[in-house]
Every structure is written in structure tokens, then in C-alpha cells.
Amino acid sequence: NNCIKNPFVLTTFKVVKVLKKKASINYNKIVELLERIDPMELPSNDEFEYEDGNHNKRETSSKREFYYQNISSAYEKTMQYEKCIKVCEKALVDDIKFHYRNKLWFTARLYYCKCRISTDFEKDINEYKKIIEKHRYWYMYHKLSTLYWSKNDIDNALYYSCLSFDIIDEMKKKVNVMSDIGDLLIAKGDESNAMKFFQCALYYRNINGWGISRELEYQKILHNIDITKKPNLIELKKISLVKAISLNNSLNVGVIKPTNKNEKYGFIALLNSNTDIYYKKEHILNSKNYLPKHTFVTFTVYDNHGKPAAKNIRTI
């Protein structure tokens, strides 16, 4: 009766951890395993502290939190959206201590799944957007893009894929977004720029030994794409941002111009014109009041003594 030391529970959780480390994760098997466990029989306060390889103090999640985290993810991946919603709702009202931003992940997963089975798509997707715009994680923008794509809304799908591409840094995940942007650009009739994103995705998949999908392999053969030529990531970032601007007139994007660290102001070169806009460094939100040249940023415009100036400046 003690789930902390129950061998069935321990073995099940161990198998789930092993499955998650595989290149191709069997989410159906994870669902099959975890559905045999009653979460209310699991302890909600058996966390313990440990020291990681960098000598930082960490704390494990409780077994109940581990259960919620993994079964909700598996339900989403296997498209069992109603079950995922119920698990996320249950987790959010349970009296457990959340780790690794899990409260945010449960909330985001809940609204994403609601959008998947929504009878009022605009209402549900606007609720999901509130979470995304507050936290600005690349994968949330990417999932928002897939939602719009599923509704054949190519403009919004491309817009949010471009935002996702501009935020994400990890190349192994970035290549998936590149492929999506390429497909969306093809749908928009922009084959020239689509090939640049396909080529970049193929190049990094090739040099890192990552798998190439059939769709991407088809594009390589159809257009005779050279996968050995190193792509220009800065050019791709500029293309994606220009596309995003063209799809959303309220988005202001620019590049930081050279400035002295000791100065309290600087200028941003607007990406879609030859105009520079003034800014005070105190209006930089996610940096220590200094950004190096060539940093891409988004911002809002306000009236500064009769002249436009930038504030709410965020790095991309």
C-alpha cells in the first residue's frame, strides 16, 4: 500500500523514463503503462533535494506530479485531447508542489487541446494566445502555427512559425520549424525563399546525422538542393522577420545599431525601411540595458516630444 516503495510503481516510472530517452518515443506505450496507476494513490510530497553535475541544488518532482506531467504529454501526442484536458484540469487543482514550470505547461497544454477539439475556435485560440504572448516560448508559437495550419489559415500559420523561428536557438528543434516555414512559403507561392529554408534544414540535418523526413527528401530531389553549402542564418532570420511584418502591421522589428555601452540611448534600424528610430536603454526589457550591434528586436512606438521613439524593446 506504500506507493513510495511499491515495486510496480517504481518499475512503471523507470520504464517511462527509459522510453522518453529513445529517439522515437512510444507515447501509446506510456499511456498504456500510466493508465494502470491511480494518481490519487501516489504521494504528492515525496520530493527530495540533490546536487547536479554542476553542483547546483535541485529538487525532484513528486510521483504524482511525475504522473500528471507524463500522461498529459502522452495524451496530447496520441491526440487523446479530451483525456489530456481532464488530466491537466485535475493537476491544476491538486495540492502538489510544481517543478520545472509545470503549472505553466499544464495550463498551456490544457488550452492547446481545447483548441484542437474546439467548437468555438476563435474564442479558445484567443485564450491560448494570452498565455503565449505573456511567456513568448518558441514551441508555443510553433504549436499556435500548427493550430492555424489545421484550419487552413496559411497567413497566421506562417506568421507564428516565423516568430517561433526567430526566438528558438537550439538547432535540433529549429530545423523542424524551418521545414514548416518552407512548406508554408510554398503554399504562399514564394518558392525562392522556401528553398532557402529547406536547404538550411537539410544542411544541418546532414552534418549532424539527424533523420530527414520523406517530405524534405522529396524537396531535395525535386529542386536539386545542395545540402553541403553552409546557409546564411542571418539572412533567413531577416526573411522570416520581413514576412512576419508583412503579415502583421502592428509588429515593429529592427536591428540594434552600434552604440557605446556608456551611452544611455541608441538607435534601431527598422527592418522594413531605411529609417532609424531612437530609444533609451532603460526601455530594454530583457537585457541589462545594453544590446550589441546586429541584435534583432521587437518594440512598440511612443511619442517622445513630438518624435517617434521605441520602448518595450525585446530581443528575438
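Rules used throughout
- Throughout, residues of each chain are indexed from 1 in the direction in which the sequence is written.
- Residue-level local features of this predicted model are given only where pLDDT is at least 70; pairs of side-chain atoms are given and counted only at 80 or more, and the full residue set underlies all totals for whole chains, interfaces and linings.
- Excluded from the side-chain calculation are hydrogens and water; included are all heavy atoms of the structure.
- Pairing between two strands is assigned when DSSP locates at least 2 bridges connecting them.
- Helix and strand definitions follow DSSP, with helices as H or I runs of at least four residues and strands as E runs of at least two, each counted in order from the N terminus.
- The criterion for a disulfide is a pair of cysteine sulfur atoms lying within 2.5 Å.
- For every residue, the accessible area obtained with a 1.4 Å probe (protein chains only) is divided by the maximum for its type, and the residue is called buried under 20%, exposed over 50%, and partly exposed between those limits.
- Throughout, nonpolar core names a set of buried Ala, Val, Leu, Ile, Met, Phe, Trp, Tyr and Cys residues whose side chains join them through atoms within 4.5 Å.
- In this description, a line fitted to the C-alpha atoms serves as the axis of each element, helices being fitted only across the stretch in contact, and the angle between N-to-C directions of two axes falls anywhere from 0 to 180 degrees.
- For this classification, under 35 degrees means roughly parallel, over 145 means roughly antiparallel, 65 to 115 means roughly perpendicular, and everything else is oblique.
- Crossing handedness: left-handed means the near helix sits turned counterclockwise from the far one by under a right angle, and right-handed means the same turn made clockwise.
- Residues are treated as being in contact if the distance between any of their heavy atoms lies within 4.5 Å.
- Gly counts as polar in this scheme, as do all residues outside two lists: the nonpolar Ala, Val, Leu, Ile, Met, Phe, Trp, Tyr, Cys and Pro, and the charged Asp, Glu, Lys and Arg.
- A cavity, in this analysis, means grid points on a 1 Å lattice covering only the protein atoms where a 1.4 Å probe fits yet has no way out; a pocket is instead an open set bounded by protein on both sides within 12 Å along at least five of seven lines, and a residue lines either one if it has an atom within 4 Å of a point.
- Grid points are joined across faces, edges and corners, and a volume is the space filled by probe spheres set on the points.

> Quick rundown of the pairing of strand E6 (residues 296-304)? Include the residues and the values.
Of the pairings in the sheet, the one linking strand E3 (residues 252-256) to E6 comprises four bridges and is antiparallel in character. For valine 255, the partnering residue across the bridge sits in E6 and is phenylalanine 296. Sheet topology note: the E6/strand E7 (residues 307-315) ladder contains seven bridges and is antiparallel. Bridge pairing in E7 links asparagine 304 to lysine 307. Linking two consecutive strands that pair antiparallel, namely E6 and E7, is a turn of two residues; a positive phi of about 55° is found at histidine 305 within it.

> For the state of the cysteines, give the residues involved together with the corresponding values.
This model, assessed by the stated rule, comprises zero disulfides. For the unlinked cysteine cysteine 162, the closest cysteine sulfur is that of cysteine 200, found at 14 Å. Since its relative accessible area comes to 1%, cysteine 162 is described here as buried.

> Give me the lowdown on the nonpolar core, citing residues and values where you can.
Within the largest apolar cluster, 80 residues are counted, with the highest numbers of intra-cluster contacts made by Phe13, Tyr67, Tyr128, Leu144, Leu147, Met178 and Phe197. The element that contributes the greatest number of residues to this core is helix H10 (residues 191-208), accounting for nine residues. Among the nonpolar cores identified, the runner-up in size contains 11 residues, and Leu270, Tyr279, Val297 and Ile313 belong to it.

> How would you explain the packing of helix H7 (residues 138-150) against helix H8 (residues 154-167) if you had to name every residue and give the values?
Between two packed helices, the angle of one axis relative to the other and the distance separating the axes together describe the packing. Packing of H7 against H8 leaves a shortest axis separation of 8 Å and a crossing angle of 165°. As far as their axial angle goes, H8 and H7 are roughly antiparallel. H8 is crossed by H7, and the crossing has left-handed handedness. Across the interface between the two elements, Trp138, Tyr141, His142, Leu144, Ser145, Tyr148 and Trp149 of H7 pack against Ile154, Asn156, Ala157, Tyr160, Ser161, Leu163, Ser164 and Ile167 of H8. Looking at side-chain class alone, the contact of H7 with H8 contains 10 nonpolar, five polar and no charged residues.

> Can you explain the layout of surface pockets? Please cite residues and give values.
Taken as a whole, the largest pocket encloses approximately 1,400 Å³ of empty space. If you trace the largest pocket, you find 35 residues lining it, with Tyr27, Ser73, Lys77, Tyr139 and Lys173 closest to the centre. The set of elements that each furnish at least two residues to the lining of the largest pocket consists of helix H2 (27-34), helix H3 (63-77), helix H5 (102-116), H7 and helix H9 (171-187). When residues of the lining of the largest pocket are assigned to their parent elements, the largest contribution, seven residues, is made by H5. A per-class count over the lining of the largest pocket returns 16 nonpolar, eight polar and 11 charged. Of the volumes computed, that of the second largest pocket is approximately 440 Å³.

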